[in-house]
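Next come the chains, spelled out residue by residue.
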Amino acid sequence: MTRTLIGVDVGGSKTAAGVSDGDQVIARADGPGAALRPGRALASAATVAEVVRQALARAGRLSGDILLVGAAGAGREPERDELRKALRAENVAERVVVTTDIDIALAAAFADGPGIVVSAGTGSVAVGRDRSGRQHRIGGYGWQMGDEGSGYAIGRAALGAVSRAADGRSPRTALTERVLSATRSEDVDALVRWAAGASPAEVAALAPPVLETAAAGDVLAQGIADYAARELSQLAICLVPMMEIDPPVGVAITGGLLGADTSLRRRVLVRLTEEPGLQPIETPVDPVLGALRLAAAT
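Residues numbered from 1 in each chain as written. Predicted model: local features only at pLDDT ≥ 70, side-chain atom pairs only at ≥ 80, totals over all residues. Heavy atoms only, no water.

Visitor: So what about the side chain of T183? Which residues, and what values?
Guide: Following the sequence through the fold, T183 ends up in helix α5 (residues 175-183). For T183, a relative accessible area of 8% translates into the label buried. Separated by 3.4 Å, the side chain of T183 and the backbone oxygen of L180 make a polar contact. Not counting the four nearest positions on each side in its chain, T183 is found in contact with L191, W194 and L206. (Helix = DSSP H or I, 4+ residues; strand = E, 2+ residues; numbered from the N terminus. Buried < 20%, exposed > 50% of the residue type's maximum accessible area, 1.4 Å probe, protein only. Polar contact = N/O pair within 3.5 Å; in protein donor to acceptor, adjacent residues only side chain to side chain. Contact = heavy atoms within 4.5 Å.)

Visitor: I'd like to hear about the pattern of salt bridges, residue by residue, with values.
Guide: Considering all chains together, one arrives at 12 salt bridges under this definition. Residue D286 pairs with R28 through a salt bridge whose shortest N-O separation is 2.5 Å. With D286 in the loop between β10 (278-280) and α11 (287-296) and R28 in strand β3 (residues 25-32), this residue pair connects regions lying 258 residues apart in the sequence. Put simply, R76 and E79 hold a salt bridge, and the shortest N to O gap is 2.7 Å. Sharing partners across several salt bridges, the network here consists of E77, R80, D81, R84 and K85. (Salt bridge = Lys/Arg side-chain N within 4 Å of Asp/Glu carboxyl O.)

As structure tokens, this is what we get:
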């Protein structure tokens, strides 16, 4: 009997769901981010369930047999268990499996084989799987302790560049106008008030205009973009010695900041290509397909 499989990729800025009949994807749907936070599983589950219902409706289904969710913020079992329970209560599938967004990215890029995935969205992290099947993780410490090269880090760096330019401590930059516009701030004083109450996701939302400003030639924005690319490539470089794996090591990059044809993706790929022993994969990763692949194996 054909099973209805549902795979979901949950990030900080976007939730993507796909429905499969076991052979091919028959429907997809996208919605807002629902990254898991301690004590916020009900809110995440409500968003995931809404996106899943949209995908099911497009597939002509009322529910699925297996729902496999790969969620940012689901690195610890207590959070995964909380989200599983909340999703079961939504009654969108007979069985619910919760894992991390990196797990489904690994499955999408390498099936069950070895390789490294570098992910950058609101946060950043890299996970590698060696030839024995063991996983190794580097980065992913959150916006207060790490997340170098992430959307938050880029947005925070841009805010710093604007404040220094306002004081005359650094050259004037086109980032000032772009950041004021993106935050709907009339002036730098209004931006200070905005930043004081901004969430990590709101700061991370500044990354796309920062990268666009870099592409337009602004020197300070280019410096921020180059630093982000260096930090993200270092995640993969520093992960290799921890793994039992023979070179060249495949490296896939994914996440909201590293999607197809983004300027940061191109910068990271260039850096990885220059590193001996690494083999960057230029094909974009589709984490929803990875979730469906894991669901089929469940």
